[in-house]
Amino acid sequence: KLYTWVNKDTCIACGACGSTAPELYDYDDEGLAEVIFEDDGNQGLTPIPKDLHEDMYDARDGCPTDSICVQESPFA
Ligand code: F3S
């Protein structure tokens, strides 16, 4: 399984990820990205289904500050 999480400490609110993978990432009131899939609340605890992996990797690869993290275990 794969999990994703946004490091808000390094996100610069560039706005790319939510365009690339709108089902996975959206923005908080300050424009910082967060994982919204299935109400994850940017905890990185929600397994991401296979049909969204391509979008997830595209978003990760497109983030200018490498703030989008993907790993095979939950983030917390
Ligand atoms: Fe932030 Fe990177 Fe998305 S800078 S808005 S996490 S593409």
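These remarks concern the structure in this document. (Residues numbered from 1 in each chain as written. Predicted model: local features only at pLDDT ≥ 70, side-chain atom pairs only at ≥ 80, totals over all residues. Heavy atoms only, no water.)

**Remarks on the side chain of Thr46**
- Within the fold, Thr46 resides in the loop between β3 (33–35) and α2 (53–62).
- Within polar-contact distance, the side chain of Thr46 engages the side chain of Asp40 at 2.7 Å. (Helix = DSSP H or I, 4+ residues; strand = E, 2+ residues; numbered from the N terminus. Polar contact = N/O pair within 3.5 Å; in protein donor to acceptor, adjacent residues only side chain to side chain.)

**Comments concerning the environment of Thr46**
- Accessibility expressed as a relative area gives 13% for Thr46, which makes it buried.
- As a C-alpha pair, Thr46 and Leu2 span 44 residues in sequence and 8.5 Å in three-dimensional space.
- Among all residues touching Thr46, those that are not within four sequence positions of it are Leu2, Tyr3, Phe37, Glu38 and Asp40. (Buried < 20%, exposed > 50% of the residue type's maximum accessible area, 1.4 Å probe, protein only. Contact = heavy atoms within 4.5 Å.)

**What to know about the nonpolar core**
- Of all hydrophobic cores here, the largest spans 18 residues; its most connected members are Val6, Leu24, Tyr25, Met56 and Ile68.
- For this core, the secondary structure elements donating two or more residues are β3, α2 and β4 (68–71).
- When residues no more than four places from it in sequence are discounted, the contact partners of Ile68 are Thr4, Trp5, Val6, Cys17, Tyr25, Ala59, Arg60 and Cys63. (Core = buried A, V, L, I, M, F, W, Y, C linked by side-chain atoms within 4.5 Å.)

**Looking at the site of the ligand**
- Every one of the 13 residues lining the ligand counts as a neighbour, but Cys11, Ile12, Gly15, Cys17 and Cys63 are closest to it.
- Taken together, the residues of the shell around the ligand break down into 10 nonpolar, 3 polar and no charged. (Near = heavy atom within 4 Å. Nonpolar A, V, L, I, M, F, W, Y, C, P; charged D, E, K, R; others polar.)

**Regarding the environment of Lys50**
- Looking at the element boundaries, Lys50 is found in the loop between β3 and α2.
- Spatially, the C-alpha atoms of Lys50 and Ala16 are 21 Å apart, while their sequence positions differ by 34 residues.

**So, the side chain of Asn42**
- Mapped onto the secondary structure, Asn42 falls in the loop between β3 and α2.
- One polar contact links the side chain of Asn42 to the main-chain amide nitrogen of Val6, over a distance of 3.0 Å.
- Once you skip the residues sitting within four places of it in the chain, Asn42 turns out to touch Trp5, Val6, Lys8, Glu34 and Val35.

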